Amino acid sequence: MKLSPDPAALDAADPLARFREAFALPTGLIYLAGNSLGPLPLASAERVSRMVATEWGESLVRGWNTHDWFGAPARVGGKIAGLIGADPDEVLVADSTSANLYKLAVAALQARPDRKVVLSAPGDFPTDLYMLEGAIRTLGDGRRLELAEGEALEAAITNDVALLVLCQTHYRSGAVRDMAALTARAQAAGALVLWDLSHSTGVLAVDLNGCNADLAVGCGYKYLNGGPGAPGFLFVARRHQGALVSPLSGWFGHARPFAFEDGYDPAAGVARFACGTPPMLSLAALEGGVDLALEAGAGAVAAKARALGALFIDRVGDALTLECPADGARRGGHVAFHHPDAYAIVQCLISKGVIGDYREPGTMRFGLSPLPLSFSDVARAADLLVEVVRTRAYDDPSFRQRSKVT
Ligand SMILES: *Cc1c(COP(=O)(O)O)cnc(C)c1O
C-alpha cells in the first residue's frame, strides 16, 4: 500500500516555509486563488505607503528623476527576466497583458507581411484570442486566425503561418505545453512565436532563452503577487528588438521622449514597447512581489509547486475527476477537477474558509502559490473538499446563486 506523505513532515523540510510570513493573509483562511489574484506581500504594502507618503507626497514631479520612476519599468522587467530565463534587457513591465499581446502580435505580423495565418489554440485564454482578432482587424491586410489543438496544431504550422500564439500553462486545465518543441517547430516553418506566460511566471521555471523564444507576455498579479491590476510584462528576444516596432507608438517608447519631437523614433531595445506613463504605485507593489520570487528562486518555487499539487491530488484521490495533468512535469501551479456541481462546491468551500474558484464549464481550480502556502494548508483544503463532496454539503440553494465574478 502507498503511504501518503505527511504534510507536517513536508513543512518541516520545506526550504521556502519562511516565505509564508512575508504575506498578509487573514487568519483562518486558506487562500487557493493566488493564480487569479496573488495575496499581498507585506513588503509591497510598506513600499506603496512609503511611495505615497514620501515619493509622491513630498518629491512630487521631481520623483521621476530623484526616485528614478523613469527607470522602474526596465528595472522591474530586468528582475522578472531572472524568473523566466531571459536577459535583463529583454523584458519590460508595461500596460496589461492584453495590451502587450496586441503590441507584440501586430509588430510580429508586420515583420511577416507575406504570411496570412495567425495560429492559436481553441480554448486558450479568451483575451488572447480577442486581441488577435483585433490585431487582424486593425491590420486589415487579409490575415486570418486559425485555431487548432494537439496533432492538428502541429499539422497547421505551415509556411503560411506568420505567428503562433500560445499560453504555456492553460488557465483552466493547468496543462503545460512543450515550449521548446513548439517554438522549434514553428521557427522551422519560418513563423514567429508569442508565448503567454500568465499562468507560468512565478510558479514554473520558465526558460525563454533556453527555448530560443521570440516573444512573450505575462501577468503581474497572479503568481508574482503584484496586486490587483498590476501591470503586465513583455519579452522581446534581443535578436528581434531592432526590427519590431510597437503599433501603440506612445511617447514613452520614443528614443527621446523629452525632446517633444513631432515624429516617432522608436527607442533602442525593448524600451520601444512602452506606450504611456507607467503606473508607479502599481509598479511599487509589483516590485515587492517580484523581489520575493527572486529571493526564493525559480527552481525552488517550481519544485514546491509540483509537490503541493501532488499532495492535493493524492488526498482528493477518486473523490473527484481530475482535469489537470497528474504528471507534475506537465502541470502548472494549479490543480483542476471536474464536477457537474463544481460551482456550488466552490461556493460551499468559500463559506468554510477555503477560497478556490470556478471556471465554466464545471471546472474548479485551486491555485497552489508556493510562497504563501504550506503543505498543511493544502492538505487541510483537500480534505475539506473531499468532505464537502462526500457529504453533499454543497447541495443547498444558497451555494448555487451566481455572482458576477467567481
Ligand atoms: C490572466 C491572464 C491574462 C490577463 O490579461 P489582462 O490584460 O491582465 O486582463 C491574459 N492572458 C492569460 C493567459 C491570463 O491567464
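Note that the coordinates shown come from a computational prediction; the quantities given were computed from them, not determined experimentally.

A. Looking closely at the overall build of the chain. A tally of regular secondary structure across the chain gives 12 helices and 15 strands. What you see for the chain is a C-alpha radius of gyration of 22 Å, in line with the 22 Å of a compact globule of 406 residues. With the principal axes as the frame, the chain shows a C-alpha extent of 70 × 60 × 40 Å. Sequence-distant contacts, at least 24 apart, represent 72% of the contacts inside the chain between residues at least 6 apart. Carbon and sulfur atoms provide 56% of the accessible area of the chain, an area that totals close to 16,700 Å². Averaging the coordinates of the 37 positive side-chain charges in the chain and doing the same for the 44 negative ones gives two points 1 Å apart.

B. Just the pattern of salt bridges, in detail. A complete count under the given rule lists 30 salt bridges for this structure. A salt bridge links Asp 68 to Arg 75, with the nearest nitrogen and oxygen atoms 3.9 Å apart. Assessed through its relative accessible area of 37%, Asp 68 is described here as partly exposed. Residue class for Arg 75 comes out partly exposed when judged on its relative accessible area of 34%. The shortest N-O distance in the salt bridge between Arg 400 and Asp 395 comes to 2.9 Å. When its relative accessible area of 35% is taken as the criterion, Arg 400 is described as partly exposed.

C. Region of interest: the sheet that holds strand β15 (residues 363–367). One open sheet holds the four strands; their spatial order is β11-β12-β15-β14, and the pairing between them is antiparallel. The open sheet has two edge strands, β11 (321–322) and β14 (357–359), and neither has a second partner. Across two bridges, β11 lies against strand β12 (residues 334–338) in antiparallel orientation. Paired with Thr 321 across the strands is His 338, a residue of β12. The strands touched by helix α10 (residues 298–316) are β11, β12 and β15; relative to β12, the strand with the most contacts, the crossing angle is about 25°.

D. Representation of the domain arrangement of the chain in the model. Considered domain by domain, the chain is made up of domain 1 (7–31 + 298–399) and domain 2 (47–295). The gap between the C-alpha centroids of domain 1 and domain 2 is 29 Å. Counting from both sides, the interface comprises 27 residues of domain 1 and, opposite them, 19 residues of domain 2. Interface area for domain 1 against domain 2, summed over the two sides, is near 1,800 Å², with a carbon-plus-sulfur share of 60%. Counting every contact that joins domain 1 to domain 2 gives two salt bridges. Notably, a salt bridge pairs Arg 172 with Glu 323, separated by 3.9 Å at the nearest N-O pair. Where domain 1 meets domain 2, there are 10 residue pairs in polar contact (both at pLDDT 80 or more). Residue classes in the side of domain 1 that touches domain 2 are distributed as 14 nonpolar, six polar and seven charged.

E. Representation of the site of the ligand in the model. With respect to spatial proximity, the complete set of residues near the ligand consists of Ser 96, Thr 97, Ser 98, Phe 125, Thr 127, Asp 128, Cys 167, Asp 196, Ser 198, His 199, Tyr 221 and Lys 222. In the model, an oxygen atom of the ligand is placed 3.5 Å from a nitrogen or oxygen of the Thr 97 main chain. Sorting the residues of the shell around the ligand by element identifies α5 (97–111) and α6 (126–139) as the ones contributing at least two each. Here the shell around the ligand is built from residues that sort into three nonpolar, six polar and three charged.

F. Highlighting the sheet that holds strand β4 (residues 91–94). Read from one edge of the open sheet, seven strands run β4-β10-β9-β8-β7-β5-β6, paired in mixed fashion. Either end of the sheet is taken by a strand with one partner, and the two such strands are β4 and β6 (144–147). Averaged over all adjacent pairs, the angle separating strand axes in this sheet is 20°, with direction ignored. With three bridges connecting them, strand β5 (residues 117–120) and strand β7 (residues 161–167) associate as parallel partners. The partner of Val 117 across the bridge, within β7, is Val 161. Its contacts with the sheet place helix α8 (residues 179–188) against β7 and β8 (192–196), and it is angled at close to 155° to β8.

G. The environment of Val 217, seen in detail. Mapped onto the fold, Val 217 is located in strand β9 (residues 215–218). By relative accessible area, Val 217 is classed as buried at 0%. Discounting residues that sit within four places of it in the chain, Val 217 has contacts with Thr 97, Asn 100, Leu 101, Leu 104, Leu 194, Trp 195, Asp 196, Leu 197, Ser 198, Phe 233 and Leu 234.

H. Molecular detail of helix α11 (residues 342–351). For α11, a buried count of eight out of 10 residues is recorded, marking the element as mostly surrounded by other parts of the structure. The inward-facing, buried residues of α11 contact β13 (354–355), β14, β15 and α12 (375–391). Immediately beyond the C-terminal end of α11, within one or two residues, lies Gly 353, with a positive phi of roughly 90°.

I. Expanded view of the environment of Val 193. Secondary-structure assignment places Val 193 in strand β8. With a relative accessible area of 0%, Val 193 lands in the buried category. On a C-alpha basis, the gap between Val 193 and Leu 119 in space is 9.4 Å, while along the polypeptide they are 74 residues apart. If we skip the residues at most four places from it in the chain, Val 193 touches Leu 163, Leu 164, Thr 183, Ala 186, Asp 214 and Leu 215.

About the criteria used
- Residues numbered from 1 in each chain as written.
- Predicted model: local features only at pLDDT ≥ 70, side-chain atom pairs only at ≥ 80, totals over all residues.
- Heavy atoms only, no water.
- Helix = DSSP H or I, 4+ residues; strand = E, 2+ residues; numbered from the N terminus.
- Rg over C-alpha atoms; globule rule 2.2 N^0.38 Å.
- Contact = heavy atoms within 4.5 Å.
- Areas by Shrake-Rupley, 256 points an atom, 1.4 Å probe, with all protein chains shown as cover.
- Lys, Arg positive; Asp, Glu negative; His and termini not counted.
- Charge placed at Lys NZ, Arg CZ, Asp CG, Glu CD.
- Salt bridge = Lys/Arg side-chain N within 4 Å of Asp/Glu carboxyl O.
- Buried < 20%, exposed > 50% of the residue type's maximum accessible area, 1.4 Å probe, protein only.
- Pairing = 2+ DSSP bridges.
- Axes fitted to C-alpha atoms, helices over the stretch in contact; angles between N-to-C directions.
- Domains from an automatic or database assignment.
- Buried area = accessible area lost by both parts, 1.4 Å probe.
- Polar contact = N/O pair within 3.5 Å; in protein donor to acceptor, adjacent residues only side chain to side chain.
- Nonpolar A, V, L, I, M, F, W, Y, C, P; charged D, E, K, R; others polar.
- Near = heavy atom within 4 Å.

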